[in-house]
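Chain by chain, the residues:
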Amino acid sequence: MSGMAAEGGLTELRRGVLGPCVLALLELRPRFGLELVRELSAADGLLTSDGTVYPLLNRLRDAGLVTSEWQDNEGERARRYYSITPAGQETLAGFRSDWDQFAATVGGVLNHTLQGGLAAAPAPDSASTAAVTAPGTKGRRNDRHHH
Amino acid sequence: MTGTITDHPLVRDYLRQLDMASRVLPAAQARELREQITGHLDDELPPDADDEEIAAALSRLGPPGSLATEAMASGSGTVPGTGAPVTAGILIGRRLERVRKRTWLIAAVAVTLVVIAAFRTATFLTAGQLENGSFNYGAWWYEQDYRHNVLATANDSTQNTAPVRSGQRQGYVVEVYNGTGVAQTIIGDGSGPSIGWNNPGGTDEQVTVSQGPIGAAGHDRYKYRYAPAGVVPPGETRLVRVLWTSRICLQKGESQGVTRLILRVRVGWFTRTEVIPLSDGFYLIGPSKGRCI
């Protein structure tokens, strides 16, 4: 896969997980827009541009997963705070469960440690090393580890 | 500096572009997005932030067109990663699945006709005018008209008013923004006797489109090459120039103007006449001199 194609895939992956990540942050406490942006930016590579958080928040709200309300704290400008709803918590719990399984599956495939399927191929240190090396590795031994 | 960060020219320009890009959104959605972005900038930047800090913050926000495109996605489908539906689209889809094949065919033909009809009359392009504060020049094409322009506000609308120069070429130029996801090709003047003209009263109307991206030559309208047709790629802006020979008969103090731009626009196989409202009208004011009609 070329670098550009990999980057495109990564962008799609980010888009896919950003909603649940926002819900997870709001699960801890209500937050305003810039707070969310800063926390997501701090998670390396999760946010491609700050502005995309706002349309996403609106989508989450339209879907009934978050609510928003204005808060006028003394000494600060009025801000719109976002909170997770019970439906949002339920969705997040479902995503967490799915994600754990999904991540384990993908990790298993990528690292050739999945039980059954690719793991059934001969071990890399056997005589048929080439049969289990990743495409493009030119027969080098695949020494990645499952994290 | 005593104002807020939104008074800064860079921020104003960004918000103006966002407004233009958001014209494809429902008004409430556009207002909300603008309020969120404004609040974000107010929170992130101190009122005395310098140009560099502001430019960096705006760059982090992303292009206004991308935000509007992202916001447009909220009208359909599911929230990424959550699977949560945001519209009744899925329910409608499921109901349609139960419709028998023949009914499907009839429905498909009817929908296609409606879509084509809507497409031919819908507004996909939006116009914004060259702002004196942001760009080097005003909205009138010729310098003498620009110099004599009077900006008047009436009933919440703004009018650019310049003296009529009877028998001479006059004209204006506006930015046209494509907020859709597909290229729109302006293929010419869409005005005519049945729909109205793009000029306040003249002959030999000529509509041309700037070639190439705006910004390559700044916003100096004279630095662009204009042609009778031009592509406006998604999320991009072009200048549309309208020139005519003024023939209108106006008494002293009497004025007449245009408040919309009518273009022929092609998208893929479709060609339609698009009527684009102008936020500021272009008015000529009398008295006329010489030959008029």
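Residues numbered from 1 in each chain as written. Chains lettered and ligands numbered in written order. Predicted model: local features only at pLDDT ≥ 70, side-chain atom pairs only at ≥ 80, totals over all residues. Heavy atoms only, no water.

**A short note on the pairing of strand S10 (residues 237-246) of chain B**
All names here are of chain B.
Argument step 1. Counting buried positions over the 10 residues of S10 gives 10, a clear majority of the element.
Argument step 2. Sheet analysis places strand S4 (residues 169-178) next to S10, joined by 9 bridges and oriented antiparallel. Residue pairing for S10: Tyr-172 is matched across the bridge by Val-242.
Argument step 3. Strand direction decides the pairing type here: strand S6 (residues 202-210) and S10, joined by 6 bridges, are antiparallel. Note that in S10 the partner of Gly-202 across the bridge is Ser-246. (Buried < 20%, exposed > 50% of the residue type's maximum accessible area, 1.4 Å probe, protein only. Helix = DSSP H or I, 4+ residues; strand = E, 2+ residues; numbered from the N terminus. Pairing = 2+ DSSP bridges.)

**Details of the sheet that holds strand S1 (residues 31-32) of chain A**
Sheets are built from strands paired through backbone hydrogen bonds, the pairs being either parallel or antiparallel.
All names here are of chain A.
Argument step 1. Taken together, the 3 strands give an open sheet; going across it, the order is S1-S3-S2, and neighbouring strands pair in antiparallel fashion. The sheet is open, and its two edges are formed by S1 and strand S2 (66-71), each paired on a single side.
Argument step 2. Summarising the sheet, S2 and strand S3 (residues 79-84) pair through 6 bridges and their orientation is antiparallel. Residue pairing in the sheet places Gln-71 in a bridge with Arg-79 of S3.

**Some points on the confidence of the model for chain B**
Residues and elements named next belong to chain B.
Argument step 1. Taken residue by residue, chain B gives an average pLDDT of 78. The fraction at 70 or more is 76%.
Argument step 2. Confidence drops under pLDDT 50 across residues 85-99; counting only partners more than four residues distant or on other chains, this segment forms 16 contacts.
Argument step 3. Segment residues 129-138: pLDDT under 50, and 31 contacts once partners within four positions in sequence are set aside and those in other chains are kept.
Argument step 4. If you check the scores for this complex, the pTM reads 0.47 and the ipTM reads 0.71. (pLDDT = per-residue confidence, 0-100. Contact = heavy atoms within 4.5 Å.)

**A closer look at the packing of helix H3 (residues 53-62) of chain A against helix H2 (residues 27-44) of chain B**
Argument step 1. Between H3 of chain A and H2 of chain B, the shortest axis-to-axis distance is 10 Å and the interhelical angle comes to 130°. When the axes of H3 of chain A and H2 of chain B are compared, the pair comes out oblique. H3 of chain A and H2 of chain B meet at a crossing whose hand is right-handed. Residues Tyr-54, Pro-55, Asn-58 and Arg-61 of chain A of H3 of chain A form the contact with H2 of chain B, whose own contacting residues are Glu-32, Leu-33, Gln-36, Ile-37 and His-40 of chain B. (Axes fitted to C-alpha atoms, helices over the stretch in contact; angles between N-to-C directions. Parallel < 35°, antiparallel > 145°, perpendicular 65-115°, else oblique. Left-handed = near helix turned anticlockwise from the far one by under 90°.)

**Digging into the pattern of salt bridges**
Argument step 1. Within this structure, the stated rule accounts for 19 salt bridges over all chains.
Argument step 2. A salt bridge links Glu-175 of chain B to Arg-16 of chain B; the shortest N-O distance between them is 3.1 Å. Residue Glu-175 of chain B is located in strand S4, and its partner Arg-16 of chain B is located in helix H1 (residues 9-21); the two are separated by 159 residues in the primary sequence. The same class applies to Glu-175 of chain B as to Arg-16 of chain B, namely buried.
Argument step 3. Ionic pairing is found between Arg-165 of chain B and Asp-145 of chain B, a salt bridge with its closest N-O pair at 2.9 Å. Here Arg-165 of chain B, found in the loop between strand S3 (157-163) and S4, pairs with Asp-145 of chain B, found in helix H7 (residues 143-147); they are 20 residues apart in sequence, far enough to count as distant.
Argument step 4. Given the relative accessible area of 14%, Arg-165 of chain B is considered buried.
Argument step 5. The buried category is assigned to Asp-145 of chain B, whose relative accessible area is 1%.
Argument step 6. Taken together, the shared-partner salt bridges connect Arg-61, Asp-62 and Arg-80 of chain A together with Glu-32 and Glu-35 of chain B into one network. (Salt bridge = Lys/Arg side-chain N within 4 Å of Asp/Glu carboxyl O.)

**Overview of the nonpolar core**
Argument step 1. Formed by 41 residues in total, the largest nonpolar core has its most connected members in Val-22 and Leu-40 of chain A together with Leu-33, Ile-37 and Leu-41 of chain B.
Argument step 2. With 6 residues, helix H1 (residues 3-28) of chain A is the single largest residue contributor to this core.
Argument step 3. The contact partners of Leu-41 of chain B, leaving out residues within four places of it in the chain, are Ile-5, Val-11, Ala-57, Leu-58 and Leu-61 of chain B. (Core = buried A, V, L, I, M, F, W, Y, C linked by side-chain atoms within 4.5 Å.)

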